[in-house]
Amino acid sequence: MLRLNGMTRNDVEIVEFPYPDNWYGDPKMLVPLENPTELWLMRDHKHDLSVRPLETALAKGVVDAIYNQSKYFQHLQEATGQFKAIEDLSRYADWTLQSCNLPAVITCTEVMAREHPELVVALLKGLIKVGRWANEHKHAAAAILDKSTFYLDVEDTYRNMMDVDMVPNLSPQNLVSVEIGKDFMLSHGYIKNDFDVQQWAAPEFLEQAAKELLAEQWKKVTAARLPEATELLSGPRIG
């Protein structure tokens, strides 16, 4: 953003703001939940500034400008009448300029991957099924996601997810986006060790999840049309 406007990091003073995690110590956090997503339903998250700490600093003049993902917090912030955007990277055709915290990366510990791969696959199967449903029912998905996202309202959420593929994938473009984020964190000292994103990614879990879902769907379809459900024969890798 600075480079696009003829500036460098040397032209501004970067102010670090540790993310306040104090609310995790709230006794209410110990109340059992039927579903982890209920955590957000217990909070007025669209007006909760604990998840938007930079906003208060900007309003008080502690900083002169802040950086957000385009549209994500922006519309809520502008709706207060106190702030306005001075640059928007989403208006540029260059997709590499828009890799702020995107794509969302699904990770687990090495121990989990090694000792409980079935849990990794089970999680991915769920995410694939949810993603497929969301792709087919974008507006209904937006109504659900609006309860835990920071877009202005359901319609704003819908507009910003309309062209997004909600199914997890390890496309070349996604991996390059992860690499851009990794290089940024490395250059700022947020991570200390460099690594090869292509070697780090683990496609075998996503592939296994896709295979199992395909086999389950095959059984379901054949059971409705044949005396007994049949097994899907194994073949070449499906990616």
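The structure we're discussing is the one just above.
Residues numbered from 1 in each chain as written. Predicted model: local features only at pLDDT ≥ 70, side-chain atom pairs only at ≥ 80, totals over all residues. Heavy atoms only, no water.

Notes on the overall build of the protein chain
Heads up, the condition is: The numbering of helices and of strands both runs from the N terminus, where a helix is a DSSP run of H or I of at least 4 residues and a strand a run of E of at least 2. A simple rule labels every residue: compare its accessible area, found with a 1.4 Å probe on the protein chains alone, to the largest value its type can have, and call it buried under 20%, exposed over 50%, or partly exposed in between. Should any heavy atoms of two residues lie within 4.5 Å, those residues are counted as being in contact.
Counting its secondary structure elements, the protein chain contains 10 helices and zero strands. Going residue by residue from the N terminus, the α and β elements of the protein chain occur as α-α-α-α-α-α-α-α-α-α. By residue count, 23% of the 239 residues in the protein chain fall in the buried class. For the protein chain, contacts bridging at least 24 residues in sequence account for 54% of all contacts bridging at least 6.

What about the packing of aromatic side chains?
We describe a pair of aromatic rings using the distance from one ring centre to the other and the angle between the two ring planes. Just so we agree on the cut-off: Side-chain rings of Phe, Tyr and Trp, where Trp is taken by its six-membered ring, are said to pair if the distance between their centres is within 6.5 Å; with planes under 30 degrees apart they count as stacked, over 60 as edge-to-face, and otherwise as tilted. Ring-over charges, as used throughout, are those where CZ of Arg or NZ of Lys falls within 6 Å of the ring centre and within 35 degrees of the ring normal.
For the structure shown, the criterion picks out five aromatic pairs. Here Phe195 and Trp200 contribute two aromatic rings whose centre-to-centre distance is 5.5 Å and whose plane-to-plane angle is 55°, an arrangement assigned as tilted. With a relative accessible area of 43%, Trp200 lands in the partly exposed category. Clustering of aromatic rings is evident, with ring pairs tying together Tyr72, Phe73, Phe150 and Tyr151. Sitting above the plane of the Phe195 ring, Lys182 keeps its charged end 5.7 Å from the centroid.

Here's the deal with a nonpolar patch on the surface
Formally: Residues qualify for a patch when their relative accessible area is over 30% and they have no salt bridge, like charges being joined within 9 Å and the nonpolar side chains of Val, Leu, Ile, Met, Phe, Trp and Tyr within 5 Å. Values of accessible area rely on a 1.4 Å probe in the Shrake-Rupley scheme; residue burial ignores everything except the protein chains shown. Whenever Lys or Arg places a side-chain nitrogen within 4 Å of a carboxyl oxygen from Asp or Glu, that contact is recorded as a salt bridge.
Among the surface-exposed residues, Met7, Val12 and Ile14 lie close enough to one another that they form a single nonpolar patch of about 240 Å² accessible area. In this structure, Val12 sits in the segment before helix H1 (38–41). Val12 gets classed as partly exposed once you look at its relative accessible area, which sits at 32%.

Re helix H6 (residues 138–145)
Cut-off, in case you're wondering: What the arc describes is the spread of directions from the helix axis to the C-beta atoms.
Taken together, the buried positions of H6 are occupied by Lys138, Ala141 and Ala142. Buried positions in H6, seen along its axis, are confined to an arc of 105° and lie on one side of it. Turning to H6, the residues buried within the fold contact helix H5 (117–136) and helix H7 (154–161).

Some words on the environment of Leu4
Tracing the sequence through the fold places Leu4 in the segment before H1. Sequence separation between Leu4 and Leu89 is 85 residues, and the spatial gap between their C-alpha atoms is 9.5 Å.

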